[in-house]
Amino acid sequence: MMTSTPRLTHRIAAGAAALMLALAGCSETSSAPEGAAAEGESVSVAMTTPTWILPISQPGKTQGENAIFISGLYPSLFSYELGGEDEFNLDRERSMAESVEVSEDGLTYTITLKDLQWSDGEPITTRDVEFWFNLVAANKEDWASYTEGGFPDNVEAFETIDEKTFTLTTTEAYAPGWYIGNQLNALTPMPQHVWDKTSDDGEIGDFDREAESAKKVFEYLITAAEDPASYASNPLWDTVSGAWELGEFTPGGQFSFVPNDAYEGEDQPTLSEVVFKPFTDDNSQFNVLRSGGIDYGYIPPGALDQKPVIEQAGYTVEPWHGWSITYMALNFANPETGPLFEQKYLRQAMQQLIDQESISEVVWNETAAPTCGPVPQEPGSAGTMEGCAYQFDPEAAIQLLEDNGWNVVPDGVSTCADPGTGEGQCGEGVEEGDELSFTLVSQSGFTATSRMMAEIQSQFAQAGIELNIQEVPDSVAVTQACEPGAECTWDMSFFGSQGSWYYPVYASGERLFASDAPVNLGSYSDERADELIKATKFSSDPAALEKYNDYLAEDLPVLWMPNPVNRVSAFKSDIKGISPQDPMLYMYPQDWSRD
């Protein structure tokens, strides 16, 4: 899945790529550090193996499991609570920042840190935030969250006031909700007194303060982070700021958290250990869950009829709703099929061939709901096509194609019979005889996704649109945005088996649907969409977000798809503190306890 990554981001949640683990019942409990919770208070969790530890995201490393992993060790300066009463949706108790104040002219943000310390006892100061900022500023092109003109381009000045207070002055007056929720959400203190060097044996300096040497520090840290096998043994990662330290990270992909004894946040861990176990697919995970061999896992959509069995085995079952949307990307940059996707009538016809309600109900066993546009409906409020710009209507789809110059061949391949740009013709860039035949790259390892694609393939065939489905373990990795002049072969891409995109608190589209946005995989570009996205960044008026949503919901930069819950969670009923699960897909095991 792609998530906003928040930070999901936001986060792109990729397909299951975890390594096989030889599981045998419940997790073992490792030696707890002095002062930790009593031995035996351990929880095992099903989790795809993380592939990134440095709190500066990299392209291809924005998966949700990476965000959960990093936030346990190196939490961002601000934590957020969707739907809370705070003006900026801040979770002020969990945040490392004590406060954020916005100047009257809207240009300067004054941020004060809480009195917290690193796991080695050194205080967390503004120098640690400056260190993160300097590395990002010097290497912004390599930062997955970078958008030209966005953070840090929109920072006029970073000024340290004292060890606990700093200011950020922006180049323009942005909507504070957008800036705090979607720009400052990336700020993360990093241990400058440990990481500001260029080699394992190098001296610690102020290398981050000069762009050239900051690049060398960044390169050193990136190289270290690219080696997950060394995460538990490399001393770099011993100094953490979060509630947890890394206990183990095995070659098989299992890792564990143990409490950080120096942690001074209000959300102190009570468990002695949290063990994260990887699985190759839904079925292997569910087999272990059914046997009681894991404390916190999930029920795959195809096995939901066994919910009573799982509950009888002592589990609480709860859908994990996300602040998310799900879609199928169309590759506008493909030199062969891109001109076809540029035809809005074709996008409309394809959308009308996707029966979101039936797929949500039957294929996903009511654990998915239709996506109507780029702004998600509130968790728990979705469920119907009410308000969607396009309903399931195969006859209308066929009529649209015929009205635009296509010879529709049900169960065959439709061809353009009337090329040209006039009314009733196929449109610019479409030649006579061009076929409606596409390669759809989709995620493997998810039974419901395979069934959904088979259903869509069947419906598309009725209008003579041929879909050749290729399932791969990581469909995001093989369908990245195409570079000019480079080979570009994919047509359509799906990576939403657990939702395609999870938003930060402010669901704007500058990273997804703006021209040249970093996660605009299909290279969609529309002048009006760019204007509306820009408006959401500068206006606090809720109508700005509504106008943006309505336009893109109708224009179809992608095909809207049923949005599954992240998972239907099942956790041992003696574990407290898991519910409610965070809609932005963070996981806070420091809140958990066992009776």
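Look a little higher up for the structure.
This text gives an overview of the structure that appears in the document. Every value quoted in this text rests on a predicted model; they were computed, and no experiment measured them. (Residues numbered from 1 in each chain as written. Predicted model: local features only at pLDDT ≥ 70, side-chain atom pairs only at ≥ 80, totals over all residues. Heavy atoms only, no water.)

1. Regarding helix 5 (residues 211-225)
Taking 1.5 Å of rise per residue, 15 residues should cover 21 Å, and helix 5 covers 21 Å from first to last C-alpha, within 8% of that figure. Of all the residues in helix 5, the buried ones are Ser213, Ala214, Val217, Phe218, Tyr220, Leu221, Ile222, Ala224 and Ala225. (Helix = DSSP H or I, 4+ residues; strand = E, 2+ residues; numbered from the N terminus. Expected span 1.5 Å × (residues − 1). Buried < 20%, exposed > 50% of the residue type's maximum accessible area, 1.4 Å probe, protein only.)

2. Things to note about the environment of Ser256
As for its position among the elements, Ser256 is in strand 9 (residues 255-259). Accessibility expressed as a relative area gives 1% for Ser256, which makes it buried. C-alpha separation for the pair Ser256 and Ala232, spaced 24 residues apart in sequence, amounts to 9.6 Å. For Ser256, the contacting residues outside a window of four places in its chain are Glu245, Leu246, Gly247, Glu248, Glu273, Val274 and Val275. (Contact = heavy atoms within 4.5 Å.)

3. What to know about the packing of aromatic side chains
By the definition in use, this model includes 34 aromatic pairs. Ring geometry for Tyr231 and Trp237: centres 6.3 Å apart, planes at 80°, overall edge-to-face. Accessibility expressed as a relative area gives 1% for Tyr231, which makes it buried. On the basis of relative accessibility, which here comes to 2%, the residue Trp237 falls in the buried class. Of the aromatic side chains, those joined through ring pairs into one cluster are Tyr109, Trp132, Phe133, Trp143, Phe151, Phe158, Phe166, Tyr174, Trp178, Tyr179 and Phe538. The ring of Tyr588 carries the charged tip of Arg94 above its face, separated from the ring centre by 3.7 Å. Between the NZ or CZ atom of Arg567 and the centre of the ring of Tyr296, over which it lies, the distance is 6.0 Å. (Phe/Tyr/Trp six-rings, centres within 6.5 Å; stacked < 30°, edge-to-face > 60°. Lys NZ or Arg CZ within 6 Å of the ring centre and 35° of its normal.)

4. Here's the deal with the state of the cysteines
All chains considered together, the criterion is met by 3 disulfides. For Cys416, the disulfide goes to Cys426, at an S-S distance of 2.1 Å. The S-S bond linking Cys416 to Cys426 shows a torsion near 110°; that makes this disulfide right-handed. One end of the pair, Cys416, is in strand 17 (residues 415-416); the other, Cys426, is in the loop between strand 17 and strand 18 (437-443), and 10 residues separate them in sequence. According to the relative accessible area criterion, Cys416 is buried, its value standing at 2%. Using a relative accessible area of 0% as the deciding quantity, one classes Cys426 as buried. (Disulfide = S-S within 2.5 Å.)

5. Some details on the environment of Ala313
Within the secondary structure, Ala313 is located in the loop between helix 7 (307-312) and strand 12 (315-320). Spatially, the C-alpha atoms of Ala313 and Ser291 are 8.5 Å apart, while their sequence positions differ by 22 residues.

6. As for the sheet that holds strand 14 (residues 327-330)
Spatially, the 5 strands line up as an open sheet ordered 19-18-20-14-22, and their pairing is mixed. Because the sheet does not close on itself, it has two edges, and the strands there are strand 19 (466-472) and strand 22 (558-560). Averaged over all adjacent pairs, the angle separating strand axes in this sheet is 25°, with direction ignored. Across 3 bridges, the pairing between strand 14 and strand 22 is antiparallel. What sits directly across from Met328, in strand 22, is Leu559. Lying over the sheet, helix 9 (residues 344-352) contacts strand 14, strand 18, strand 20 (492-494) and strand 22, oriented at roughly 25° with respect to strand 22. (Pairing = 2+ DSSP bridges. Axes fitted to C-alpha atoms, helices over the stretch in contact; angles between N-to-C directions.)

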